[in-house]
Amino acid sequence: MLQTILPPVIPDPVIVQALGVVAVSIVVRALYQWIKPYPSIAFQVPVPEEALPGWKGGAILSKPSIQDPTQPGQIICYDPSTGRHLSTIRAHTKQDVDLALQKARKAQEKWSQTTYAQRKIVLQSLLDFILLHQETICRVASRDTGKTMVDGKFGEILTTCERIRWTLAHGEDALKDEYRDPGLLMFYKAAKVSYKPMGVVAALVSWNYPFHNTFGPLITALFAGNGILIKASEQVAWSTMKYYAEIARTCLAACGHDPELVQFLVGFQDCGEAVVKSGVDGITFIGSPEVGAKVATAASYNLTPCVLELGGKDVAIVNKDVQLEAVVPILMRGVFQNCGQNCIGLERIIVHESLHDRLIEMTGSRIKQLKQGPPLEVENIDCGSMTMSGRSKILEGLIQDAVKNGATLIHGGEGFVHPKFPQGQFFAPTLITNLKTTMRIAQEEAFAPIMAVYKFSTLEEAISIANSSPYSLGSNVFSKNQKEGRYIMDRLRAGMSNLNDFGVNYLCQSLPFGGVGISGYGRFGGPEGLRAVCHQKSITMDRWPLLIQTFLPPVLQYPMTNVGDAIVVTRDLVNIIYHGWTGRIKAVFEIVKVMLVGANEPEQL
């Protein structure tokens, strides 16, 4: 994830330096464990038996689906890589939502009075738990989504730990009162913005990273002083309710706080709609543009502010001067991490025509070697399964449409049936090229292990291809020529850009995360994310209360005795502040004159 564009042969001094950096990192980590900046309270959470090594229980469903028409109020939880039944969980209803909000509001009243030091203890305790139990956290995520353990380490653990680290180190500064310039007119006032918790916020989060997508908004909400309702996707009801919810609630209880501060809900569309309309004070939604539009519409009934992250078709523009030996591994991770089920996953590779054939050759040989299967059943798996059922037919339709309109399919392009686990929801890692911006695959979010390649000859053409999608979330440019790289990035319609890397903006938790266009609006992450779950309160106070305070001269006091004089005074007041020096001096004398003897100016009617 953090590679830079390096030559294929690394000289010995660089290796020595790299080893030195690793050694320093180990020492720093050891010191961090020895002298922690914040206190931590240990706690334990029982591990679901389905996540234990060697578990082979659970009937294999013949037609895996999260909903059975004969049981409309139940969520059928299963491992999408094997079809093994995990649990059946009751879907929450409007009544559950209303009760959850009531409990969270009561707990938040007390939580809002806690200090940042108390909140940091909770976050530090959570961080230490994650570090000790990261294998289990990833196994639970893998069992519920079909992702590999490595994908879990990147997307579930690394990102969450960095969110906590940044919040511990910088969250308090981000929410401190921010003093502003009062201007010359109000020079005797102190002006500031104060960030106050909204109250109880809601997060409706997607299924692709069930642990991180749950704890990301939870960390932000709690640190800002809020309670939170988390409505997880029905696709990951098992991991959320059986393990992740217990981590959050047990952590709060262990630290001496009311666990009702966080409420976890799983359910179908009616549950999500009930959360949005419940009267929560703010909403974060992660999902598709179609559902995001419905969330925004429903939120409008209560005028509830929203942050919407609605996916993308992120690009990687590969300029003609790069070394493919260094770039291709990054592109492969960008496309196939979590089987492409990433909002900032690389959905479009736009490569200079001079490098196209070699890139296809290099990526094609690697893609054909990718090993696919159930990560907790088979060793050495590169790509797990698709989490949602029925995706293969939709993806096959996108590929077939592209081929019909002139694209070249190099590898994959269809569902994969595992010989030992035929009920697994797999789609073969795919490479397709010679694509046009008018094709469906160029305009619709695939969210799949598909490397889609486009050719360009000029920088303007590359920019045009990149900006042809209605999605505008993240973007990535690879170029040895920094000037050209920045030129491209400055012209991309996107909420985020990386030069010579993929997706690392999300590992920089100081940065806001979000897009434009149908990729949504609002930001989470960084100071902007913390402030997004706060009311921004503007405050003025007397700077020198014993020396000067606001005073209205008699000519401006109600009832006014001479409106003409009042007009003169207010005109001259404006001139004193904003006019040139000659006009300012004249205005001062005129105001003094009015104060002493009056101007007796007639009111112009």
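Residues numbered from 1 in each chain as written. Predicted model: local features only at pLDDT ≥ 70, side-chain atom pairs only at ≥ 80, totals over all residues. Heavy atoms only, no water.

The name an unreviewed UniProt entry assigns to the protein is Aldehyde dehydrogenase domain-containing protein, from the organism Entomortierella parvispora. The Sequence similarities (unreviewed entry) field of the UniProt record for the protein holds the comment "Belongs to the aldehyde dehydrogenase family." (UniProt positions renumbered as here; feature names shortened; annotations may be inferred.)

*Asks:* Outline the environment of Trp166, supporting the account with residue identities and numerical values.
*Replies:* Relative to the elements of secondary structure, Trp166 occurs in helix H5 (residues 149–174). Remark: the alpha-carbon pair of Trp166 and Phe187, spanning 21 residues in sequence, is separated by 36 Å. (Helix = DSSP H or I, 4+ residues; strand = E, 2+ residues; numbered from the N terminus.)

*Asks:* Tell me about the packing of helix H3 (residues 116–132) against helix H6 (residues 210–223), and name the residues and values.
*Replies:* For the pair H3 and H6, the least separation of the axes is 10 Å and the interaxial angle reads 165°. One finds that H3 runs roughly antiparallel with respect to H6. In this structure, H3 crosses over H6, and the sense of that crossing is left-handed. Seen from H3, the contacting residues are Tyr116, Arg119, Lys120, Leu123, Leu126 and Ile130; seen from H6, they are Phe211, Phe215, Ile219, Leu222 and Phe223. (Axes fitted to C-alpha atoms, helices over the stretch in contact; angles between N-to-C directions. Parallel < 35°, antiparallel > 145°, perpendicular 65-115°, else oblique. Left-handed = near helix turned anticlockwise from the far one by under 90°. Contact = heavy atoms within 4.5 Å.)

*Asks:* I'd like a rundown of a nonpolar patch on the surface, residues and numbers included.
*Replies:* A surface patch of nonpolar side chains, amounting to about 630 Å² of accessible area, comprises Leu184, Phe187, Trp544, Leu546 and Leu547. Mapped onto the fold, Phe187 is located in the loop between strand S3 (178–180) and strand S4 (189–197). A relative accessible area of 40% places Phe187 in the partly exposed class. (Patch = residues over 30% accessible without salt bridge, like charges linked within 9 Å, V, L, I, M, F, W, Y side chains within 5 Å. Areas by Shrake-Rupley, 256 points an atom, 1.4 Å probe, with all protein chains shown as cover. Salt bridge = Lys/Arg side-chain N within 4 Å of Asp/Glu carboxyl O. Buried < 20%, exposed > 50% of the residue type's maximum accessible area, 1.4 Å probe, protein only.)

*Asks:* Account for the UniProt feature "active site" (unreviewed entry) in the protein, naming residues and giving values.
*Replies:* The sites that UniProt annotates as "active site" (unreviewed entry) are Glu309. Within the fold, Glu309 resides in strand S9 (residues 306–309). Among all residues touching Glu309, those that are not within four sequence positions of it are Phe285, Ile286, Gly287, Cys343, Leu473, Phe513, Ser519 and Phe524.

*Asks:* An account of the confidence of the model for the protein is needed here, citing residue identities and associated values.
*Replies:* Atom-level detail of predicted coordinates should not be read off regions where pLDDT is low. Across the protein, the average pLDDT comes to 93, with 94% of residues at or above 70. Segment residues 1–11 is flagged for pLDDT under 50; beyond a separation of four residues in sequence, or across chains, it makes 24 contacts in the model. (pLDDT = per-residue confidence, 0-100.)

*Asks:* Give me the lowdown on empty space enclosed by the protein, citing residues and values where you can.
*Replies:* For the structure on display, the rule yields 6 cavities of 30 Å³ or more. By volume, the largest cavity is sized at about 90 Å³. Around the largest cavity, the lining comprises 14 residues; the ones closest to its centre are Arg348, Ala466, Gly474, Arg493 and Ala494. Secondary structure elements with two or more residues in the lining of the largest cavity: strand S10 (314–318) and strand S17 (471–472). Among the residues forming the lining of the largest cavity, the class breakdown is 6 nonpolar, 4 polar and 4 charged. (1 Å grid on protein atoms, 1.4 Å probe; cavity = no way out; pocket = protein on both sides within 12 Å on 5 of 7 lines; lining within 4 Å. Points joined across faces, edges and corners; volume = space filled by probe spheres on them. Nonpolar A, V, L, I, M, F, W, Y, C, P; charged D, E, K, R; others polar.)

*Asks:* Residue-level account of the packing of aromatic side chains, with values.
*Replies:* Following the criterion strictly, the structure yields 11 aromatic pairs and no others. Between the aromatic rings of Phe43 and Phe129, the centroid separation amounts to 4.6 Å while the plane-to-plane angle is 5°, which identifies the pairing as stacked. Taken together, the positions of Phe43 in the loop between helix H1 (12–34) and strand S1 (74–78) and Phe129 in helix H3 put the pair 86 residues apart, joining distant regions of the chain. Since its relative accessible area comes to 7%, Phe43 is described here as buried. For the pair Tyr506 and Phe513, a centre-to-centre distance of 4.8 Å together with 65° between the ring planes defines the contact as edge-to-face. Given a relative accessible area of 15%, Tyr506 falls into the buried group. In textbook terms, an aromatic cluster arises when at least three aromatic residues are bridged by ring pairs, as seen for Phe211, Phe215, Tyr243 and Tyr244. Of note, Arg543 hangs over the ring of Trp544, and the distance from its end group to the ring centre comes to 5.6 Å. (Phe/Tyr/Trp six-rings, centres within 6.5 Å; stacked < 30°, edge-to-face > 60°. Lys NZ or Arg CZ within 6 Å of the ring centre and 35° of its normal.)

*Asks:* Talk me through helix H11 (residues 353–367); I want residue IDs and the actual numbers.
*Replies:* Helical geometry: 3.6 residues make up each α-helical turn, so side chains three or four residues apart lie on a common side. The first and last C-alpha atoms of H11 sit 21 Å apart over 15 residues, in line with the 21 Å expected at 1.5 Å per residue. Of all bends in H11, the biggest is about 25°, found at Leu359. Along H11, the residues that are buried comprise Leu355, His356, Leu359, Ile360, Met362, Thr363, Gly364 and Ile367. Considering only its buried residues, H11 is in contact with S10, helix H10 (324–336), strand S11 (346–352), strand S12 (408–411), strand S15 (430–433) and strand S16 (450–456). (Expected span 1.5 Å × (residues − 1). Bend = angle between axes of the 7 residues up to and from the residue.)

*Asks:* Give a detailed account of the UniProt feature "domain: Aldehyde dehydrogenase" (unreviewed entry) in the protein, specifying residues and quantitative values.
*Replies:* According to UniProt, the "domain: Aldehyde dehydrogenase" (unreviewed entry) feature falls on residues 71–539. With 41% helix and 21% strand, the stretch residues 71–539 has end C-alpha atoms that lie 54 Å from each other.

*Asks:* Describe the pattern of salt bridges, listing the residues and the values that go with them.
*Replies:* Counting across every chain of the model gives 26 salt bridges. When the shortest N-O distance is used, the salt bridge between Glu172 and Lys120 registers 2.9 Å. Taken together, the residues Glu172 in helix H5 and Lys120 in helix H3 connect sequence positions 52 residues apart. Glu172 sits in the partly exposed class, given a relative accessible area of 27%. Lys120 gets classed as buried once you look at its relative accessible area, which sits at 10%.

*Asks:* Could you give me a rundown of the side chain of Thr114, with the residues and numbers involved?
*Replies:* In this fold, Thr114 is placed in the loop between helix H2 (94–111) and H3. Residue classification places Thr114 among the buried positions, given a relative accessible area of 12%. At a separation of 2.5 Å, a polar atom in the side chain of Thr114 contacts the main-chain carbonyl oxygen of Trp111. Within the structure, Thr114 has its side chain in polar contact with the side chain of Arg119 (distance 3.0 Å). Beyond its immediate sequence surroundings of up to four residues, Thr114 is in contact with Arg119 and His257. (Polar contact = N/O pair within 3.5 Å; in protein donor to acceptor, adjacent residues only side chain to side chain.)

*Asks:* Would you mind going over the environment of Ser288 in detail, with residue names and values included?
*Replies:* For Ser288, the location among the structural elements is in the loop between strand S8 (282–286) and helix H9 (289–299). We classify Ser288 as partly exposed; its relative accessible area is 26%. With 21 residues separating them in the primary sequence, Ser288 and Glu309 have C-alpha atoms 8.0 Å apart.

*Asks:* Before we move on, could you go through helix H8 (residues 269–276) and cite the residues and values that matter?
*Replies:* Every buried residue of H8 is listed here: Cys271, Gly272, Ala274, Val275 and Val276. Buried residues belonging to H8 abut H2, strand S5 (200–204), strand S6 (227–232), strand S7 (262–266), S8 and H9.

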